[in-house]
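Listed below are the residues making up each chain.
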Amino acid sequence: MAAVAIVDEQDRSSLAAVRANIGLAWADPIGRVGFFLLALTFLVALVGPVLFPFNPADVGATAASILQPPTAQHWLGTDELGRDVFRETISGSQISLLVGLLATAISMLAGTVVGLGAGYSRGPIGALMMRITDFFLVLPTLPLIIVLAAIIGQSLSVIILVIGLTSWASTARIVRSQVLSLRERVFIDRVRALGATDLRITVVHILPNVLPLIFANTVLVIAGSILSEATLAFLGLGDPVHVSWGTMLHYAFEVGAAGRGAWWYLLPPGIGIVVVVLGFTLIGYTLDRIVNPRLRNR
Amino acid sequence: MPRLRYLLTKLGQVLVTLLAVVTFNFYLFHVLPGDPIRLLARAGNLQPEDIARLRQLFGLDQSLPVQYLVYLRDLATGNLGMSLTYRQPVSDILAQRIVNTVELLTVATVLVVVIGIVAGVVAAARRGTRADAGTVIVSLFFWSLPTFWTGLMLIFILGVYFHAFPISGSGTPGVFYTSPIAQLEDFLPHLVLPSLTLVLVDIGQFVLITRSSLIDVLTEDFILTAKAKGLSARQVLWRHGVPNAMLPVVTTSALYVSLVVGGAIQVETVFSWPGMGRLIYDAVLRRDYPLIEASFLLFAVTVILVNFVSDLLYLWIDPRVRNA
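Not measured: the values here are computed from a predicted model.

**A few points about the overall build of chain A**
Move 1: Within chain A one finds twelve helices and zero strands.
Move 2: Ordered by position in the sequence, the α and β elements of chain A form the string α-α-α-α-α-α-α-α-α-α-α-α.
Move 3: Counting only C-alpha atoms, chain A reaches 80 × 45 × 30 Å along its principal axes.
Move 4: The buried share among the 298 residues of chain A stands at 49%.
Move 5: A sequence separation of at least 24 residues applies to 73% of the contacts in chain A between residues at least 6 apart.

**Observations concerning the overall build of chain B**
Move 1: Regarding its fold elements, chain B presents 14 helices and zero strands.
Move 2: Starting at the N terminus, the α and β elements of chain B follow one another as α-α-α-α-α-α-α-α-α-α-α-α-α-α.
Move 3: Each principal axis of the C-alpha distribution contributes one length, and for chain B these read about 85 × 60 × 40 Å.
Move 4: For chain B, buried positions account for 35% of its 324 residues.

**Observations concerning unusual backbone geometry**
Residues and elements named next belong to chain B.
Move 1: You will see that Arg87, though not glycine, has its phi angle at about 55°, which is positive.
Move 2: In this structure, Arg87 sits in the loop between helix H4 (64-76) and helix H5 (90-125).
Move 3: Here the phi dihedral of Ser272 falls at roughly 50°; this positive angle occurs in a residue that is not glycine.
Move 4: Mapped onto the elements, Ser272 comes out in the loop between helix H11 (253-270) and helix H12 (276-285).

**Some points on the environment of Thr106 of chain B**
Move 1: Note that Thr106 of chain B resides in helix H5.
Move 2: Sequence separation between Thr106 of chain B and Ser63 of chain B is 43 residues, and the spatial gap between their C-alpha atoms is 43 Å.

**Observations concerning the interface of chain B and chain A**
Move 1: Of the residues lining the interface, 39 residues belong to chain B; the matching set on chain A comes to 37 residues.
Move 2: Counting residues per element, the ones that place at least two in the side of chain B that touches chain A are helix H1 (2-31), helix H6 (130-143), helix H7 (147-161), helix H8 (180-218), H11, H12 and helix H13 (289-317) of chain B.
Move 3: Of the residues in the side of chain B that touches chain A, the class split is 30 nonpolar, eight polar and one charged.

**What to know about the confidence of the model for chain B**
Move 1: Chain-level statistics for chain B give a pLDDT mean of 83 and a share of 92% at 70 or above.
Move 2: The ipTM assigned to the predicted complex is 0.86, against a pTM of 0.87.

**Overview of the packing of helix H4 (residues 85-120) of chain A against helix H8 (residues 169-182) of chain A**
All names here are of chain A.
Move 1: In the contact formed by H4 and H8, the axes pass within 7 Å of each other and the chain directions differ by 35°. Crossing handedness for the pair H4 and H8: right-handed. Residues Ser107, Met108, Gly111, Thr112, Val114, Gly115, Leu116, Ala118, Gly119 and Tyr120 of H4 lie in contact with H8, whose contacting residues are Thr171, Ala172, Ile174, Val175, Arg176, Val179 and Leu180.
Move 2: Tallied by class, the residues present in the contact of H4 with H8 amount to ten nonpolar, six polar and one charged.

**Quick notes on the packing of helix H6 (residues 141-152) of chain A against helix H7 (residues 156-166) of chain A**
Residue and element names in this part refer to chain A.
Move 1: For the pair H6 and H7, the least separation of the axes is 10 Å and the interaxial angle reads 145°. The chirality of how H6 crosses H7 is right-handed. Contacts between H6 and H7 involve Thr141, Leu144, Ile145, Leu148, Ala149 and Ile152 on the former and, on the latter, Val158, Ile159, Val162, Ile163 and Thr166.
Move 2: When the residues that make up the contact of H6 with H7 are grouped by side-chain class, the tally is nine nonpolar, two polar and no charged.

**Some thoughts on helix H10 (residues 233-251) of chain B**
Residue and element names in this part refer to chain B.
Move 1: For H10, with 19 residues, the first-to-last C-alpha span of 27 Å sits near the 27 Å given by 1.5 Å per residue.
Move 2: Here H10 has its buried residues at Val236, Leu237, His240, Gly241, Val242 and Ala245.
Move 3: Of the surrounding elements, those touching the buried residues of H10 are H5, H8 and helix H9 (221-228).

**What about the environment of Leu43 of chain A?**
Move 1: Along the chain, Leu43 of chain A turns up in helix H3 (residues 29-51).
Move 2: Separated by 72 residues in sequence, Leu43 of chain A and Gly115 of chain A place their C-alpha atoms 34 Å apart.

**Focus: the confidence of the model for chain A**
All names here are of chain A.
Move 1: Per-residue pLDDT for chain A averages 83, and the proportion of residues at 70 or more is 93%.
Move 2: In the model of chain A, helix H1 (residues 2-12) stands out as the element of lowest mean pLDDT, 44, in contrast to helix H11 (residues 245-254), which has the highest, 91.
Move 3: Within the model, pLDDT remains below 50 along residues 1-9, and this stretch shows three contacts once partners closer than five positions in the same chain are excluded.

**Observations concerning the environment of Pro166 of chain B**
Residue and element names in this part refer to chain B.
Move 1: As for its placement among the helices and strands, Pro166 is situated in the loop between H7 and H8.
Move 2: Its 18 C-beta neighbours within 10 Å are what place Pro166 among the partly exposed residues.
Move 3: Taking the C-alpha atoms as reference points, Pro166 and Leu191, 25 residues apart in sequence, are found 8.7 Å from one another.
Move 4: Those residues in contact with Pro166, other than ones at most four positions away along the chain, are Pro189 and His190.

Conventions adopted
Residues numbered from 1 in each chain as written. Chains lettered and ligands numbered in written order. Predicted model: local features only at pLDDT ≥ 70, side-chain atom pairs only at ≥ 80, totals over all residues. Helix = DSSP H or I, 4+ residues; strand = E, 2+ residues; numbered from the N terminus. Buried ≥ 20, exposed ≤ 12 C-beta atoms within 10 Å, placed from the backbone. Contact = placed C-beta atoms within 7 Å. Nonpolar A, V, L, I, M, F, W, Y, C, P; charged D, E, K, R; others polar. pLDDT = per-residue confidence, 0-100. Axes fitted to C-alpha atoms, helices over the stretch in contact; angles between N-to-C directions. Left-handed = near helix turned anticlockwise from the far one by under 90°. Expected span 1.5 Å × (residues − 1).

Written out as structure tokens, the structure is:
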């Protein structure tokens, strides 16, 4: 019986569990809407630039081509330099997704390592890791990101790094609380009795059990990272070379698009952000309810 | 006595966190960016002796530990340095701006708390119905809105298209007010769109937390007891359910403060609201480091202190913690 319990405990919470949770999220109406929104975004980001390439240097020849409403030639009008907003928006989807996904990867890695360490280690190292996590948790995120970007620089890689390194604290907390309860379980005592090292116990036996929780959290962190990038770029701290939706809205704001009634310049990038963020949020919310036993049946 | 010990532990943690933030801030602004003199001298051909004099003036000829101690002393005496662009003491600028931000955030927060709790309670009480599902979906949608874009949309729709509200500043420029009431009459319309933006983007999370917390509480035994006593559904919900559901809402208020600070920066930027948020935006654009540094410190200290107050509040409202 005991052997069955061990197998069961690990089997339930590995990659298979993550896959099962995705299936459950798909079965939920809210989750399914999220998947559709994401599919739409990824389709636009992957196929769009091939069909409608955007050339940032393709500016309008005359003053009359600046901030023009939609025409047959420019389906969503032109921006403050006379460039095609439709193509610019499609190209911006790539930057937003790229930053969101890579920043989240950094955040997940940092959050998982710190969370595992803080939860598993009983000594001063664990306590110190927890204090550092708490410290980052109380720092106001947006001011911190702004300050770091203003000091370190505005290239795409710096933005990814800054967003990733400022958003891991909540993940670390979630992982830690889960590890705290896992390390008291009998099956961990058993593998320890068999002579497994601490590193092996955390990586092989504890990590797979935390994976579904990390995955649900990841999806929500992606939504947050994309919002952070958009906000940073809107505040003029984006990468000037790689135009994202936030950068577009920054220039739209700078040239007073709202006051000039240039809805075609304000709506496409904004709707793009809302669609992708909403997609990740809906899936993350659904996954959270599935993996978090306290939230189940809500 | 355990209560006193809890209090002292929390107080100790806050002091350590505050010192950590100050040190972090020092490192961020005094060690990372390199030589501030180069920044100050970006305009021209400074002679080596001028540079040396500037270094001495700013205390940069001292060693880092000495600079750190001087920094701590300056902070303790309220000396936050001079702004590079305003040519005024940073503390004076902050003092002018902070009131506007507090006004904006107070109005928005009161609205978010009141509307959010009521909507969350109503949704939880009708759990599983269409109204509940609608509330959840609308909340998730608002949660996903970028704050700055929501502001731009409100400017476009309510400000430019319908001309319903002013879209910029906290008052009409160049107007001389004959009475405080006239000033208030000008101020309030300016407050509508910025606070509406904050309410829209911040309310979703509040509704969801209230709702899920109350759903938890409604399954507890004492709710069954209250029903069995013959209390009306309304009494069970508002007298027995809601107060107990407020605990998680209080603990997440710390998260909310961080959120609302970020919201203030965006909203004040979009609406040219003369507060702390617009200040940090302008300071970043002009790379006015002393101003950025002080604004960041002020934001961080505020969030830490609100966290502390939230801990105290928790102690006060939860008898389990109070008597533990």
